[in-house]
Amino acid sequence: MLNWTITNAQNDDDNNGGQQGPGTGTVVKVRPKTQKPAMYRVLLLNDDYTPMEFVVHVLERFFNKSREAATEIMLHVHHRGVGVCGVYTYEVAETKVGQVIDFARRHQHPLQCTMEKE
Ligand code: TYC
């Protein structure tokens, strides 16, 4: 993300004898101000019905996890109730939450997925 800050600096290097007024102000600095985008954790929630293998598949398919990493996250969620699938910008996180919920519904599993600001 790149925000531009335009600063009318406190100097007088524009050779107009310090003259300032309507139409005579000189923009002397354009400073690129970088800002990190806000990041969001995508969370998977435990339930009693979604098969473990389905959750592993979701983690592989939508979060690009290896079988091993996916199994670890699934077991963490199974034992602790909630776990992090990944951290993304708002739009990407929102898309993944929607994809997971839609995919689970289509397979008639109650799997829940949500997001929270990091
Ligand atoms: N608790 C589920 C079971 O025993 C497995 C499961 C794990 C479900 C993680 C959801 O996010 C989940 N079949």
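Reading the values: rules and limits
- Residues numbered from 1 in each chain as written.
- Predicted model: local features only at pLDDT ≥ 70, side-chain atom pairs only at ≥ 80, totals over all residues.
- Heavy atoms only, no water.
- Helix = DSSP H or I, 4+ residues; strand = E, 2+ residues; numbered from the N terminus.
- Expected span 1.5 Å × (residues − 1).
- Contact = heavy atoms within 4.5 Å.
- Salt bridge = Lys/Arg side-chain N within 4 Å of Asp/Glu carboxyl O.
- Buried < 20%, exposed > 50% of the residue type's maximum accessible area, 1.4 Å probe, protein only.
- Axes fitted to C-alpha atoms, helices over the stretch in contact; angles between N-to-C directions.
- Parallel < 35°, antiparallel > 145°, perpendicular 65-115°, else oblique.
- Left-handed = near helix turned anticlockwise from the far one by under 90°.
- Nonpolar A, V, L, I, M, F, W, Y, C, P; charged D, E, K, R; others polar.

**Student:** Help me understand helix H1 (residues 52-63) in this model?
**Tutor:** Along an α-helix, a turn takes 3.6 residues, which lines up residues three or four apart on a common side. Here H1 contains twelve residues, and its C-alpha end-to-end distance of 16 Å stays within 8% of the 16 Å for a straight helix at 1.5 Å per residue. Along its buried surface, H1 packs onto strand S3 (39-45), helix H2 (67-80), strand S4 (82-89) and helix H3 (90-106). Of the residues flanking the end of H1, it is Asn-64, one or two places downstream, whose phi is positive at about 55 degrees.

**Student:** In this structure, what is going on with the pattern of salt bridges? I would like to understand it.
**Tutor:** Two side chains of opposite charge can pair, provided their charged atoms sit close to one another. Across all of its chains, the model carries four salt bridges by this definition. The partner of Glu-60 in a salt bridge is Arg-67, with the nearest N and O atoms 2.6 Å apart. Taking relative accessible area as the criterion, Arg-67 reaches 41% and is therefore assigned partly exposed. The partner of Asp-102 in a salt bridge is Arg-106, with the nearest N and O atoms 3.1 Å apart. Taken together, the residues span about one helical turn, with Asp-102 and Arg-106 both in helix H3 at a distance of four residues. Connected via shared salt-bridge partners are Glu-53, Glu-60 and Arg-67.

**Student:** It is not clear to me how the packing of H1 against H2 should be interpreted in this structure. Could you clarify?
**Tutor:** For any two helices packed against each other, one specifies the crossing angle of their axes together with the interaxial distance. Direction vectors running N to C along H1 and H2 enclose 125 degrees, while the axes themselves pass 8 Å from each other. Considering their axes alone, H1 and H2 lie oblique with respect to each other. The crossing of H1 and H2 is right-handed. Residues Met-52, Glu-53, Val-55, Val-56, Leu-59 and Glu-60 of H1 lie in contact with H2, whose contacting residues are Arg-67, Ala-70, Thr-71, Ile-73, Met-74 and His-78. Residues belonging to the contact of H1 with H2 are distributed by class as follows: seven nonpolar, two polar and three charged.

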